[in-house]
Amino acid sequence: VVVVSDNWDANSGRLYQFSRNSGTSWQVKGQASLVDLGRNGSAWGLGLHPQQQGPQKQEGDGKAPAGLFRLSAAFGALPTLATQMPYQQMSRFDYCIDVPTSPLYNQTLDVRQYRPEWTAGSSEPMRRDLMDKPDAVYQQGLFVDHNYSNGEARQTGAGSCIFIHQKASGGGKTAGCTAL
């Protein structure tokens, strides 16, 4: 999957899918999809690529991370999902911890299993369809391993909770994810 935008300030772009058979080169699969990106554009994230010069992703900046990232697993509301990736069903207690001072920063977990002060203030419920102002953007999604390696956040405050997920029904840009 490759996402391309026109410049650092663009809050939309195009997503291209590629596939290949063993021993062959990558080929574009299907048509490009229009996607929403961070409401404030993009900045370099922390991923599989080396450190880059230019704008750097920070927690709460409203920018999508640019770079090369592993897509580690799928998630959603359904008990199962037909995917070749590992899949995690989310409950009303699952949150991605976006509080930089938490020792659980940038991890998605069941908040009932941890000390309340470690999860307090997190604003990223993984079942947004069950909240007071519901939306269905996380009905199906993919974890983007931005600022994440071997089960832990790599750099506190460098941005968290980055996903590929569904677009909001009313439109609107994201806080840093890619929505399609």
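Everything here concerns the structure above.
Cut-offs and rules
- Residues numbered from 1 in each chain as written.
- Predicted model: local features only at pLDDT ≥ 70, side-chain atom pairs only at ≥ 80, totals over all residues.
- Heavy atoms only, no water.
- Helix = DSSP H or I, 4+ residues; strand = E, 2+ residues; numbered from the N terminus.
- Rg over C-alpha atoms; globule rule 2.2 N^0.38 Å.
- Contact = heavy atoms within 4.5 Å.
- Areas by Shrake-Rupley, 256 points an atom, 1.4 Å probe, with all protein chains shown as cover.
- Lys, Arg positive; Asp, Glu negative; His and termini not counted.
- Charge placed at Lys NZ, Arg CZ, Asp CG, Glu CD.
- Disulfide = S-S within 2.5 Å.

Q: What's the story with the overall build of the protein chain in this structure? I'm lost.
A: Helix and strand counts for the protein chain come out as 1 helix and 14 strands. Computed over the C-alpha atoms, the radius of gyration of the protein chain is 16 Å, within 12% of the 16 Å expected from 2.2 N^0.38 for a compact globule of 180 residues. In terms of overall dimensions, the protein chain has a C-alpha envelope of 50 × 40 × 35 Å along the principal axes. Partitioning the contacts of the protein chain with sequence separation of at least 6, the portion at a separation of at least 24 is 50%. For the protein chain, the computed accessible surface area is about 10300 Å², with 48% contributed by carbon and sulfur atoms. Averaging the locations of the 16 positively and 15 negatively charged side chains of the protein chain gives two centres separated by 5 Å.

Q: I keep staring at the state of the cysteines and nothing clicks. Help me out?
A: Put plainly, two cysteines are in a disulfide when a covalent bond ties their sulfur atoms together. Within this structure, the stated rule accounts for 1 disulfide. Through a disulfide, C96 is tied to C161; the S-S separation comes to 2.2 Å. Judged by the torsion about the S-S bond (-95°), the C96/C161 disulfide is left-handed. On the criterion of sequence distance, the pair formed by C96 in strand β8 (residues 94-96) and C161 in the loop between β12 (152-153) and β13 (163-165) is long-range, its members being 65 residues apart.

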